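Breakdown of the fold
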Amino acid sequence: MKELVEVIARALVDNPDEVVVTETEKEDTTVIELKVAPSDMGKVIGKQGRIAKAIRSVVKAAASKEEKKVIVDIQ
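Residues numbered from 1 in each chain as written. Predicted model: local features only at pLDDT ≥ 70, side-chain atom pairs only at ≥ 80, totals over all residues. Heavy atoms only, no water.

In the nomenclature of an unreviewed UniProt entry, the chain is known as RNA-binding protein KhpA of Candidatus Lachnoclostridium stercoravium. Quoted straight from UniProt, the Subunit (unreviewed entry) entry for the chain says "Forms a complex with KhpB." As its UniProt record puts it under Function (unreviewed entry), the chain is described as follows: "A probable RNA chaperone. Forms a complex with KhpB which binds to cellular RNA and controls its expression. Plays a role in peptidoglycan (PG) homeostasis and cell length regulation." (UniProt positions renumbered as here; feature names shortened; annotations may be inferred.)

The next point concerns the packing of helix H1 (residues 2–12) against helix H3 (residues 50–64). With their axes 10 Å apart at the nearest point, H1 and H3 run at an angle of 155° to one another. Between H1 and H3, the angle falls in the class roughly antiparallel. Of the two possible hands of crossing, H1 and H3 adopt the one that is right-handed. Touching Leu4, Val5, Ile8 and Leu12 of H1 are Ile51, Ile55, Val58, Val59 and Ala62, all from H3. For the contact of H1 with H3, a count of residues per class yields 9 nonpolar, no polar and no charged. (Axes fitted to C-alpha atoms, helices over the stretch in contact; angles between N-to-C directions. Helix = DSSP H or I, 4+ residues; strand = E, 2+ residues; numbered from the N terminus. Parallel < 35°, antiparallel > 145°, perpendicular 65-115°, else oblique. Left-handed = near helix turned anticlockwise from the far one by under 90°. Contact = heavy atoms within 4.5 Å. Nonpolar A, V, L, I, M, F, W, Y, C, P; charged D, E, K, R; others polar.)

This paragraph deals with the pairing of strand E3 (residues 69–74). Every regular strand shows the same layout, with side chains that alternate between the two sheet faces. Only one face of E3 is covered, namely the one carrying Val70, Val72 and Ile74; the face carrying Lys69, Ile71 and Asp73 has none of its residues buried. The pairing of strand E2 (residues 29–35) with E3 spans 6 bridges and is parallel. Within E3, the residue paired with Ile32 across the bridge is Val72. (Buried < 20%, exposed > 50% of the residue type's maximum accessible area, 1.4 Å probe, protein only. Pairing = 2+ DSSP bridges.)

What follows covers the sheet that holds E3. In spatial order, the strands read E1-E2-E3; together these 3 strands make up an open sheet with mixed pairing. In this open sheet, the two edge strands, each paired with only one partner strand, are strand E1 (20–26) and E3. Looking at each pair of strands side by side, their axes are set apart by 20° on average, direction ignored. Here E1 runs beside E2; their pairing, made up of 7 bridges, is antiparallel. Residue Val21 lies in a different strand from E2, and its bridge partner there is Leu34.

As structure tokens, then:
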């Protein structure tokens, strides 16, 4: 999941070197934290949060195969 979020985020931003993705396992939940440069935050979130929702939807669909709950936290 971490690699999936990283590939999507790097494609969206102007500074792909500043994209940092960390993955933390908690019981039956995986938390993926996405950190980007402050100037790229708007590109990752999108108008009315549409891009952020799309990223979360793609990750949720990929996680459903493994029957895990995944939370994507954008910082």
